[in-house]
Amino acid sequence: MAVMEARCSSSVMLREFACEQNFLSQPDGSASFVHGDTSVYAGVYGPAEVKVSKEIYDRATLEVLIQPKVGLPGVRERSQEQCVRETCEASLLLSLHPRSSLTLILQVLHDDGSLLSCLLNAACMSLMDAGLPMSCLFCGVTCAIDADGQIITDPTAAQEKESRALMTFAIDSKKHNVLMTSTKGSFSVNELQQCIAVSQKASEKLFQFYRDSVRRRYSKTL
Amino acid sequence: MPTDTKRVRGPEASQSPSLFVSKPAAAPPSLGTRADGRRWGQVDVRPLFVRCGLVSQAKGSAYLEAGSTKLLCGVYGPKETERKDETDMKCGRLTTDMRFAPFSCPERGSWIQGSQDKDLSQMLHESLQPAVCLQKYPRSQIEVNVMVLENSGSVLAHAITCASLALADAGIEMYDLVLGCSIRQDGDSYVVDPSYTEQNSCSSVDSDNQGNLTVAFLPSLNQISGLQSDGEMTEETLTAGVRTCIEGCYKLYPVIQQALAKAVRRAAPPPSES
Amino acid sequence: MAAGFKTAEPLEYHRSFLKENCRPDGRELSEFRTTTLNIGSISTADGSALVKLGNTTVICGIKAELANPPVEGPGKGYIVPNVDLPPLCSSRFRPGPPGEQAQAASQFIADVIESSEVIQTEDLCIERGKLCWVLYCDLMCLDYDGNLLDACIVALLAALKNTQLPDVTISTETSAPEVNLEKRRGLHIHKHPVATSFCIFDDSVLIVDPTAEEESLATAQLAVVTDEEGRLCSLHKPGGTSLSGEKLQECISRATVRQREIQKLINKVLHSVKTDQ
């Protein structure tokens, strides 16, 4: 067990990540998030007036739009939108803004692997920047299992391509539980448990980064 | 061509394997008997299977099978009209939507509704509207959705029958049921309730009197609510064809009545004897 | 009284059942609705299957067409799955292009096909770089009462097992394909993935095979796809409330049992279809 523990902790290697909040003037909240060469911009509008057809009487309506780097959003983007939206819905306190709309727009600038986790991180930072009430924060971590059964966290596009299985988890900041999972490729239950454990460990790093970057920002402005 | 971004996309172009069949198709059967054993020039409709109430979410629904033609119809409403500007204070609105499943025809259809589907929806609407007491449903709309699961000819005629049965199953007030029947006129002879191949083939060289005819008929009022014909037919042939269709409709009538009675009995079982 | 309570307070109504470890339709928490399967009912398709899961009905029709192989994989073919939720199946769906749910379902099915390798696209190649099969797998929901994904996967698997591709040879003289529609062969199915969907109620209670009403009231949904070797092909949880490790383990073991049940059902129905002919 100790060996595995050691292997797990040693394999939690994340590429360098960076984030900038509030860099767009028009949206109510914005953030850019960079994982290595993967880069995403996020903008949040709201709470604002909602279309009658989309109105929900006891909570806000959240819309997530993902724009790919080139071309029009397709079926894959729609599936990613669903994942991001339902993760945000779980952490946002939407019932505080009934009958209003929230729009989150995610623009992919470059995809070099771990896109979905980058989208999730950008989404969380922009929601924070917009000052929307949330019950907890969340972060996205992608794990790949390569041909030898090694777990690679935050894989690049090349690593993703060679991998046997790819999993993305959204993890909440309160209990480090899994909010969302999206997987590709086949894997055993044991491998899944290991990946969850690794991701939970990686999430600590990300949450620490969230904390540092917000602290840095407010120490400048205040 | 704009690309469809809302579906999983395949290759740019693909062809049906039937285009590359090396052997010619079997010669059409001789005049007299049809491929499925029915006879030319006789009011020989395919045996019908109908069942009400298969779609649990709909107010009323009907499934119809005639030979291999398979249709499902669901009726929703009466409910508030979607387009507020078109709300009619005195009269309800009937909307019809008829679609073909992509696998329903010998050649794969596209998901995007073509002009054929829209034409058929329109004709279905025109045939059903006179039978529905729309003045009883002011400011509301009734939706009729027909899905063709397998197209083996005479789809419009069967869609009309199926839709009127679903409307009746939904408890929408109607003056009468609407039954549909179609024929294919081929020279001097005709086939009733044509199959897909019969509908699209023409055996006689003689170009007079070639055409398809579909009639929507209200049996107890003895009125025609819809008539659609294409091709070229003389006046006498056309009137004779309409008569044949009406005769065909009467053959369907008992089957539809029975299915409806069965659905009503299930919805409101007769009080027990004891 | 009960009907009024159900309409006015649907969540409380469901909770009162779940407290007693049962559900409004009389099922236990980990009980599926009756699954019925009808294979090969559409003669215009190369393979078809109709699945009923309680009231939920999904029909899958497979049409095979010929195309040029993809540039990035000259020895491969295509499988193109699409899910449609027409307004016929429920009043919640509008006519027109597929909505978000239908698109997400299409992507999910495409991912499961790729991950599980139910069919290897190499099997669909006829001549390398020249000709291959495209399998258009069109799934259509005819009655929507929850748990669309499970029904879709069963329909797809059964329809693939029912698919008979015509024989194709490439003529040496004209190098044009020649098709013999009489001579057909089945597809080689490598794996049997089966999906099992769950809903989480009030962040804690786990129920299997949710109805449409249960789906709309639940706080999270997840789908587990397993194959006959007990490997996971997909764990799809688009969001919602979190799930503990033990609960996840529970889901996976339920899914493996379900996989065996469905595989048995498909084989049984296929067998009865074959003996009929």
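So, how was this worked out
- Residues numbered from 1 in each chain as written.
- Chains lettered and ligands numbered in written order.
- Predicted model: local features only at pLDDT ≥ 70, side-chain atom pairs only at ≥ 80, totals over all residues.
- Helix = DSSP H or I, 4+ residues; strand = E, 2+ residues; numbered from the N terminus.
- Expected span 1.5 Å × (residues − 1).
- Buried ≥ 20, exposed ≤ 12 C-beta atoms within 10 Å, placed from the backbone.
- Contact = placed C-beta atoms within 7 Å.
- Core = buried A, V, L, I, M, F, W, Y, C linked by C-beta atoms within 7 Å.
- Pairing = 2+ DSSP bridges.
- Right-handed = clockwise from strand over helix to strand, strands pointing away.
- Axes fitted to C-alpha atoms, helices over the stretch in contact; angles between N-to-C directions.
- Nonpolar A, V, L, I, M, F, W, Y, C, P; charged D, E, K, R; others polar.
- UniProt positions renumbered as here; feature names shortened; annotations may be inferred.
- Parallel < 35°, antiparallel > 145°, perpendicular 65-115°, else oblique.
- Left-handed = near helix turned anticlockwise from the far one by under 90°.

*Asks:* Any chance you could explain helix 4 (residues 235–267) of chain B here in plain terms?
*Replies:* One full turn of an α-helix is made of 3.6 residues, so residues set three or four places apart face in the same direction. All names here are of chain B. With 33 residues, helix 4 extends 46 Å between its outermost C-alpha atoms, agreeing within 8% with the 48 Å of an ideal straight helix rising 1.5 Å per residue. Along helix 4, the residues that are buried comprise Gly241, Thr244, Cys245, Gly248, Cys249, Leu252, Ile256, Ala259 and Ala263. Of the surrounding secondary structure, the elements contacted by the buried residues of helix 4 are strand 1 (48–52), helix 2 (155–169), strand 6 (179–186), strand 7 (189–192) and strand 8 (210–218).

*Asks:* What am I meant to see in the nonpolar core here?
*Replies:* Among soluble globular proteins, nonpolar side chains are generally buried collectively. Residues and elements named next belong to chain C. Cys152 and Ala155 are the most contacted members of the largest nonpolar core, which totals 209 residues. Among the elements that make up this core, the one with the highest residue count is helix 4 (residues 148–162) (twelve residues). Excluding residues that lie within four positions of it along the chain, Ala155 makes contacts with Ala49, Val51, Val58, Ile59, Cys60 and Leu139.

*Asks:* Which parts of the structure should I look at to understand the pairing of strand 4 (residues 61–67) of chain A?
*Replies:* Every regular strand shows the same layout, with side chains that alternate between the two sheet faces. Residues and elements named next belong to chain A. Pairing of strand 4 with strand 5 (residues 101–110), which is carried by seven bridges, proceeds in the parallel orientation. Pairing of Glu63 across the sheet is with Thr103, part of strand 5. As for the winding sense of the linkage, the β-α-β connection from strand 4 through helix 2 (residues 75–91) to strand 5 is left-handed.

*Asks:* What should I look at first to understand the environment of Pro78 of chain B in this one?
*Replies:* All names here are of chain B. Checked against the element boundaries, Pro78 lands in strand 3 (residues 69–80). Overall, the presence of 22 C-beta atoms within 10 Å leaves Pro78 in the buried class. Put simply, Pro78 and Thr33 are 45 residues apart on the chain and 46 Å apart in space, counted from C-alpha to C-alpha. Apart from residues no more than four positions distant in its own chain, Pro78 is found in contact with Gly92, Tyr137, Ser140, Gln141 and Ile142.

*Asks:* Got a minute to help me understand the sheet that holds strand 3 (residues 38–48) of chain A in this structure?
*Replies:* Within a beta sheet, neighbouring strands are joined by backbone hydrogen bonds and run either parallel or antiparallel to one another. Residue and element names in this part refer to chain A. The mixed open sheet is built from five strands, whose spatial order is 1-2-3-5-4. With partners counted over all chains shown, the strands left at the sheet margins are strand 1 (17–21) and strand 4, one partner each. The sheet shows a mean angle of 15° between the axes of neighbouring strands, taken without regard to direction. In terms of strand pairing, strand 1 meets strand 2 (residues 29–35) through five bridges, oriented antiparallel. Paired with Ala18 across the strands is Val34, a residue of strand 2.

*Asks:* Looking at this model, I keep getting lost on the interface of chain C and chain B. Mind explaining?
*Replies:* When the parts come together, some accessible area is lost, and that loss is often what is quoted as the size of the interface. At the interface, 48 residues of chain C touch 37 residues of chain B. Residue assignment for the side of chain C that touches chain B shows that the elements contributing at least two residues are strand 3 (56–67), strand 4 (78–84), helix 3 (100–116), strand 6 (131–143), strand 7 (164–170) and strand 8 (177–186) of chain C. A total of seven residues in the side of chain C that touches chain B trace back to one element, the largest contributor, which is strand 3 of chain C. Here the residues of the side of chain C that touches chain B are counted per class, giving 29 nonpolar, twelve polar and seven charged.

*Asks:* Explain the sheet that holds strand 9 (residues 223–232) of chain B to me, please; I cannot follow it from the model alone.
*Replies:* All names here are of chain B. Read from one edge to the other, the open sheet built from four strands follows the order 7-6-8-9, with strand pairing classed as antiparallel. Since the sheet does not close on itself, it has two edges, and those belong to strand 7 and strand 9, each with one partner. Strand-to-strand, the axes of this sheet are offset by a mean angle of 20°, without reference to chain direction. By the bridge criterion, eight bridges tie strand 6 to strand 8 in an arrangement that is antiparallel. Considered in strand 8, the bridge of Ile183 is made with Leu213.

*Asks:* Where do I start with the UniProt feature "domain: Exoribonuclease phosphorolytic" (unreviewed entry) in chain C in this structure?
*Replies:* All names here are of chain C. As annotated in UniProt, the feature "domain: Exoribonuclease phosphorolytic" (unreviewed entry) corresponds to residues 31–166 and 193–255 in the numbering used here. Segment residues 31–166 splits into 24% helix and 37% strand. End C-alpha atoms: 40 Å apart. Here residues 193–255 runs as 27% helix and 38% strand, with 10 Å between its end C-alpha atoms.

*Asks:* Explain the interface of chain A and chain C to me, please; I cannot follow it from the model alone.
*Replies:* Counting residues at the interface gives 26 residues for chain A and 25 residues for chain C. When residues of the side of chain A that touches chain C are traced back to their parent elements, those giving at least two are helix 2, strand 9 (178–184) and helix 5 (189–221) of chain A. Per-element accounting of the side of chain A that touches chain C gives the leading share, eleven residues, to helix 2 of chain A. The residue inventory of the side of chain A that touches chain C, partitioned by class, reads nine nonpolar, ten polar and seven charged.

*Asks:* Sorry, what's going on with helix 3 of chain C here?
*Replies:* Residue and element names in this part refer to chain C. Between its terminal C-alpha atoms helix 3 stretches 24 Å, which fits the 24 Å expected from 17 residues at 1.5 Å a residue. Burial within helix 3 is extensive, with 14 of its 17 residues counted as buried. Glu117, located one to two residues past helix 3, shows a positive phi value of around 55°.

*Asks:* I would appreciate a short explanation of the packing of helix 3 of chain C against helix 4 of chain C in the present structure.
*Replies:* Two quantities define a packed helix pair, namely the angle between the helix axes and the distance between the axes. All names here are of chain C. One way to put it is that helix 3 packs onto helix 4 with a least axis distance of 11 Å and a crossing angle of 45°. Considered as vectors, helix 3 and helix 4 are oriented oblique to each other. Between helix 3 and helix 4 the crossing geometry is right-handed. Along its contact with helix 3, which presents Ala105, Phe108, Ile109 and Val112, the element helix 4 presents Leu148, Leu149, Cys152, Ile153 and Leu156. Class assignment of the residues belonging to the contact of helix 3 with helix 4 gives a composition of nine nonpolar, no polar and no charged.

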